[in-house]
Amino acid sequence: MKAFSSFSSVLTIGAAVGYLLYSPTGLAQSPSEQDLVKQGDYIARASDCMACHTTKEGKPFAGGLVLKTPFGKIVSSNITPSKKFGIGGWTETQFANAVRKGSSPRLGHLYPAMPYTAYAGLSDRDMHALYVYFTKAVEPVEKEPETKTALSFPYNIRFAMVGWNMLYASGRPMADNESTPDGSRRGEYLVKVLAHCGTCHTPRNKFMAEKSSDFLAGNPNIQGWVAPNITSDNISGIGGWSEEEIIAYLKNGAAHGKAQAAGPMAEAVEYSLRYLTDSDLKAVATYLKTVKPISNLGQTKANHSYNQAIAVDSAVFDYPIDRSPLAMGAGSSIDGQRLYLNACATCHQPRGEGTEDQFYPSLTSNSVVGAKDPRNLVMAILYGVDRQTNDGHVFMPGFAEQLSDEQITAIAQYVATNFGNPALKVTINDVKLLRNASR
Amino acid sequence: MATQYDADVIVVGSGAIGSNAAYALASQGKSVIILEAGEWIPRWKIVENFRSSARKGNHDDPYPDAPWAPVSFSPGYIENTGSFAFLPGMLHLVGGTTWHWAAATWRLLPNDMQMKSLYGVGRDWPVTYDELEPWYVKAEYALGIAGSDTEDQSGLNPDTSYPPRSAPYPVPPEAETYYFQRLKARIEPEGYPFIHEPNARTNQPWDGRPGCSGNNNCMPVCPIGAMYSGDVHARHAQKAGAQILTDSTAFKLEKGEGGKIVAVHCRSAKGVDRRLTARYFIIASNGLETPKLLLMSDVANSSDLVGRNLMDHTGIGLQFLADEPLWPGRGQVQQGAIFRLRDGAFRSQHSAIKHALTNTVPNRAITEHLLKKNIVGPELDKQIRHMAARWVDISTVFEQLPHLENRVQPSTTRKTSNGIPMMKIHYDPDDYIKAAVPIAKQDFANFVQIMNGTVIEDNTGFQNRDHIMGTVIMGDNHRNSVVNHECRTWNHPNLFMATTGVFPSASVVNPTLTGIALALRSADIIAREV
Amino acid sequence: MDNYKDVPPSTEKLTRRVILQSSAALAALLVFSPSLLAASSESSEFLQISQFLTCRPNLNPTIAARAYAALAAEDSGFAEKLRHLHDAIQQDNFTDMSQFGDFVTRHPDLQPIAMKIISAWYLGYTGTPSMNILQDDTQFISYEHALMYEPTHDATVIPSFSRGRTNYWVNPPSSLATD
């Protein structure tokens, strides 16, 4: 971070050499411009711009990703430096207004699916680097995303966002404070602004705004997944995690004996968090440990603390079957134990302990299995886990196509009862709802 | 003339080859029906059937043996009249027999396809390697093949890449097992090239499949679906609009005017028949059921070659104990091959030889062996571990030549519960492979000597390798073959064969990838005509 | 084969429901009926002898009941032979399985039954399996509990179960130096 300390000179040189990048004579890029692009790239990754502004098969930052919200679908926009379709013609001030205030010269008021309430805190230095990065280093895409935003009234009126902004968008730029001795201010900046953890982990009020009093206390529905409480509460939050565990989780999506990242969190790890420097990861972990603890109503035991499989006669894992051809061809059993043993225990092992190296994680001591809410467990079974990490590509196949709703209900209940929270109850409606929600 | 058809194309058989052809057609907007004698069975159920089996070495055992859709090991389903019991493990369920293959996906060598002109034996293919090459690439990407881009798979020229390829393998090769590393380090310097075996067990996520983690159960069922099986493309075909009719055993192809096939008749378990019409028909029911269906229907057989020229990679095996712990059984059930004699002038005299390194967890074979010797008590546990660490298992294959008298026919005496003839096979291993046996056995002796080993078994006699070829043979005219270079029958312009049964020569490599490549090519031809 | 004639027509849902009910009932029978035998004295004697013959003090009683049922089913004289074996072990005060060779030299008629019991526990099946025909005299006892996998548990897998991450096999087991 020290490289960015001579801010004003960087700014001047950066502006002066901007045109050189595309000059036909192919003059070498100035080092400081390179530094700015590098810094901007890092900020873009830390802020995970790609998560929303790039589709799976699409070009980087060309937009088009559909975000489902309770009010309809919001489609992310093209933020490449295309003059016609992207941000190519924008001044730095216009760019900063879009990022910080949700105000676009082309579209008018942006919807708060764009986490500008978080980005409002972006420091001036990072904002400048981001601008340089997006205008100079990103490939322009001369195309509008095909799908269009479609919201229900009154949210379909972009102007309505003015009132919303007056109420909820009150952020001010923060100093990025990389030099605070304990790193905690840097951590706060990363958590609140760049990584915008609150966008998913802070509950929202009925107007889709984050409830600032419940910062990071969890959000029950992010595309079907629960974003859990990650306050420093020992029982409901991650107070019981060590800093090393938090860092391992952010970097590789797995803290053995605690939790694994799937769904949108897997994407956050894959596209953003694993690129953070070790010192930034440490700053995040340190800061998270200081976030005001908020306990979930009625919770008395941490989700990851269910560490024992219930005792059963091991002969039940090892049983004869009816070998008549009809029975051998019948795959519709709803016996959770049989389904678990043959669809899940191959990797997670019959007693749920996972493999010794935890490449296949334990289901005991697992926050998803120890939760009271069945949704993340059901979502993982339905859609699997898929995340690129610095430690390899982690992949669990989804079972939505192979197993019926009844079977997934039975497996989830078996897993919870035997390896996790006995209070976790799964109903077929949970499964049906989640299967449909993600369609 | 506005004829109504049930589909543009009907594919008989939902295995890897049929399903890939069906998907290729359906994804181009053609209406496709796939007929399958068996049912959809989810993976978890097959895993349960396996774990609770008392005969785990019997690879058909985890699959239902329904009286109306028997597996090939069903007692009496295949009657043998030759000197060798030809009994390949073949299944009836959506996805077909690739549920229990070991997923070796070699390409043929260009020379494998010119046996007659180069070596004066067997037959030439009416299609060249170069014509097939782009289809190999498509097949490899469909299946997510893990392979080495830097090896000479003929074993002849180390440090070159061969046969030629226009695209890299989609997935890098898996790490070499310690077992493979050690055998290679000691045996290869004595003139035996060790080559990585390209395979359809992806080792990184591919097309919804997880990477292999060495469950060592490719046969009889991959418990996690890392290994490709035909149900992957059956499902893809279904999503692309193809209709899969299960419990539908095709038993008759109906001829119409102008030599065209107009309909296929299929029958359910309950004996209910159905007639389905289409513009084109692809028969993809493996190398035994396909010719059986043609013979039952009296189609495509003006050459009298349907069902004849039956070939397998009939082989032999070796088990011995090495002088050092190698720990087979970690990783997949097989990993590489030893190719000293895959190709060369010797093929005018005798068959080529592939020695494949088997890497199965050997505890069952070892314990059966020790118990026969009445070894018990603490010594039994000690010996199991000692031998399990040192067990070397080599599976050797030869290339049988096509012979008219080696053939499959519908049974005239035995029928399934719904009245469809079972089959009769006559098969004799030929002199061409018998001439290679002493050479392979000398290799065995060399391996044992190099590894300072103790032989457990080096005289197995001929074994099945389940690679059925030649029965609807491909050729350059209607008198010497059943299908042309497009795999189109000479007699019926709208009837194609998608099976390894079209192979005119066997080579020594597993045939499924080539079968899929040929079928994708046929599907492309059909798509342009239909 | 006759029972397949009663299968209802292939409307998929109906078939599956019937299959489900019948298979659940049958599976329950197969799993639970042998455990009733566990209470019998032959069965507990069988467990005791099995523990001695396999040098395992803690064999699973449910699996023992299954093994007993399988062995008794294939040999109507099994209970009597088991009694003889039991008596001979007691009379000889035979306590060390490393001396099994001497014991069967004294009692050659008892070797087959002792070996059958040991085989059932080690292999997890009784009878002789066929490799390429679905017809033999085998009966399933266990898989995960088959003792033949215990000596190598730290190095290889019980096939179909995972051991760890992809490509773990590039390294030998950590025990290599002492193997």
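Owing to the predicted nature of the structure, the values given are computational and were not obtained by experimental measurement.

*Asks:* Describe the overall build of chain B, listing the residues and the values that go with them.
*Replies:* A tally of helices and strands in chain B yields twelve helices and 16 strands. Expected size for 530 residues packed as a compact globule is a radius of gyration near 24 Å; at 22 Å, chain B falls within 12% of this value. Taking all 530 residues of chain B together, 69% fall into the buried category. The contacts in chain B between residues at least 6 apart in sequence include a share of 75% that link residues at least 24 apart. When the accessible surface of chain B is totalled, it reaches about 16100 Å², and 49% of it is carbon and sulfur. Measuring between centres, the 50 positive side-chain charges of chain B sit 4 Å from its 54 negative side-chain charges.

*Asks:* Tell me what's going on with the pattern of salt bridges, and back it up with residues and numbers.
*Replies:* All names here are of chain A. Applying the stated criterion across every chain, the model contains 56 salt bridges over all chains. A salt bridge links arginine 435 to aspartate 405; the nearest nitrogen and oxygen atoms lie 2.4 Å apart. Of this pair, arginine 435 sits in helix 17 (residues 428-437) while aspartate 405 sits in helix 16 (residues 405-419), and the two are 30 residues apart along the sequence. For arginine 435, a relative accessible area of 12% puts it in the buried group.

*Asks:* Tell me about the interface of chain A and chain B, and name the residues and values.
*Replies:* Listed per partner, the contact involves 27 residues of chain A and 31 residues of chain B. Across the chain A/chain B interface, buried area totals approximately 2200 Å², and carbon plus sulfur atoms make up 57% of it. Counting the contacts that link chain A with chain B gives four salt bridges. Put simply, B:Arg235 and A:Glu401 hold a salt bridge, and the shortest N to O gap is 4.0 Å. The interface formed by chain A and chain B holds twelve residue pairs in polar contact (both at pLDDT 80 or more) in total. Looking at the side of chain A that touches chain B, the elements with two or more residues in it are helix 13 (325-329), helix 14 (336-348) and strand 11 (392-396) of chain A. With seven residues, helix 14 of chain A is the largest single contributor of residues to the side of chain A that touches chain B. Of the residues that constitute the side of chain A that touches chain B, the class distribution is 16 nonpolar, eight polar and three charged.

*Asks:* A description of helix 4 (residues 92-101) of chain A should follow, citing residues and the corresponding values.
*Replies:* Listing the buried residues of helix 4 of chain A in full gives A:Phe95, A:Ala96, A:Ala98, A:Val99 and A:Arg100. Buried residues along helix 4 of chain A sit against strand 3 (103-104), helix 5 (116-119) and helix 6 (124-137) of chain A.

*Asks:* Please set out the packing of aromatic side chains residue by residue, giving values where relevant.
*Replies:* Counted according to the given criterion, the structure contains 28 aromatic pairs over all chains. Arranged with centres 5.7 Å apart and planes meeting at 70 degrees, the rings of C:Tyr68 and C:Phe78 form a pair that is edge-to-face. You can see C:Tyr68 sitting in helix 3 (residues 61-74) and its partner C:Phe78 sitting in helix 4 (residues 78-91), a full ten residues away along the chain. For the pair formed by C:Tyr68 and C:Phe78, the shared burial category is buried. Site record: aromatic cluster; members linked through ring pairs are A:Phe61, A:Phe95, A:Tyr131, A:Tyr133 and A:Phe134.

*Asks:* Would you mind going over the packing of helix 2 (residues 41-53) of chain C against helix 3 of chain C in detail, with residue names and values included?
*Replies:* Residues and elements named next belong to chain C. Packing of helix 2 against helix 3 brings their axes to within 9 Å, and their N-to-C directions diverge by 110 degrees. Classified by the angle their axes make, helix 2 and helix 3 are roughly perpendicular. Where helix 2 approaches helix 3, its residues Glu42, Ser43, Phe46 and Leu47 are matched on the opposing element by Pro61, Ala64, Ala65, Ala67, Tyr68 and Leu71. Partitioned by chemical class, the residues of the contact of helix 2 with helix 3 number eight nonpolar, one polar and one charged.

*Asks:* Quick rundown of the environment of C:Val104? Include the residues and the values.
*Replies:* Of note, C:Val104 is situated in helix 5 (residues 100-106). Each C-alpha atom, one on C:Val104 and one on C:Gly164, is 43 Å from the other, the two residues being 60 residues apart in sequence.

*Asks:* Describe a nonpolar patch on the surface, listing the residues and the values that go with them.
*Replies:* Taken together, the side chains of A:Ile310, A:Val312 and A:Val316 define a hydrophobic patch exposed on the protein surface, amounting to about 210 Å² of accessible area. Looking at the secondary structure, you find A:Val316 in the loop between helix 12 (278-288) and helix 13.

*Asks:* Can you lay out the sheet that holds strand 14 (residues 421-426) of chain B for me, pointing to particular residues and giving the numbers?
*Replies:* Residues and elements named next belong to chain B. Read from one edge to the other, the open sheet built from three strands follows the order 3-14-13, with strand pairing classed as mixed. Looking at strand neighbours, the two that pair on one side only are strand 3 (78-80) and strand 13 (407-415), the edges of this open sheet. The mean inter-strand angle of the sheet, taken between neighbouring strand axes irrespective of direction, is 35 degrees. Here strand 3 pairs with strand 14 via three bridges, running parallel.

*Asks:* So, the confidence of the model for chain B: which residues are in play, and what are the values?
*Replies:* This prediction gives chain B a mean pLDDT of 97; 100% of its residues lie at or above 70. Scored as a complex, the prediction yields pTM 0.91 and ipTM 0.96.

*Asks:* How would you sum up the interface of chain C and chain B? Please name residues and give values.
*Replies:* Taken together, the 55 residues of chain C in the interface contact 63 residues of chain B. Note on chain C versus chain B: buried area summed over both sides is about 5100 Å², and carbon and sulfur give 59% of it. The largest per-residue losses of area from chain C upon contact with chain B belong to C:Leu134, C:Ser160 and C:Trp169, which jointly make up 16% of the total buried on that side. Among the elements of the structure, helix 6 (111-123) and strand 2 (139-140) of chain C are those that each provide at least two residues to the side of chain C that touches chain B. With six residues, the single largest contributor to the side of chain C that touches chain B is helix 6 of chain C. The residue makeup of the side of chain C that touches chain B, split by class, is 30 nonpolar, 18 polar and seven charged.

*Asks:* Please set out the side chain of B:Asn484 residue by residue, giving values where relevant.
*Replies:* Residue and element names in this part refer to chain B. Assignment of secondary structure puts asparagine 484 in the loop between strand 15 (454-457) and strand 16 (495-497). Classification of asparagine 484 by relative accessible area gives buried; the value is 9%. Here asparagine 484 is in contact with Met474, Gly475 and Trp490, once residues within four sequence places are set aside.

Rules of the game
Residues numbered from 1 in each chain as written. Chains lettered and ligands numbered in written order. Predicted model: local features only at pLDDT ≥ 70, side-chain atom pairs only at ≥ 80, totals over all residues. Heavy atoms only, no water. Helix = DSSP H or I, 4+ residues; strand = E, 2+ residues; numbered from the N terminus. Rg over C-alpha atoms; globule rule 2.2 N^0.38 Å. Buried < 20%, exposed > 50% of the residue type's maximum accessible area, 1.4 Å probe, protein only. Contact = heavy atoms within 4.5 Å. Areas by Shrake-Rupley, 256 points an atom, 1.4 Å probe, with all protein chains shown as cover. Lys, Arg positive; Asp, Glu negative; His and termini not counted. Charge placed at Lys NZ, Arg CZ, Asp CG, Glu CD. Salt bridge = Lys/Arg side-chain N within 4 Å of Asp/Glu carboxyl O. Buried area = accessible area lost by both parts, 1.4 Å probe. Polar contact = N/O pair within 3.5 Å; in protein donor to acceptor, adjacent residues only side chain to side chain. Nonpolar A, V, L, I, M, F, W, Y, C, P; charged D, E, K, R; others polar. Phe/Tyr/Trp six-rings, centres within 6.5 Å; stacked < 30°, edge-to-face > 60°. Axes fitted to C-alpha atoms, helices over the stretch in contact; angles between N-to-C directions. Parallel < 35°, antiparallel > 145°, perpendicular 65-115°, else oblique. Patch = residues over 30% accessible without salt bridge, like charges linked within 9 Å, V, L, I, M, F, W, Y side chains within 5 Å. Pairing = 2+ DSSP bridges. pLDDT = per-residue confidence, 0-100.

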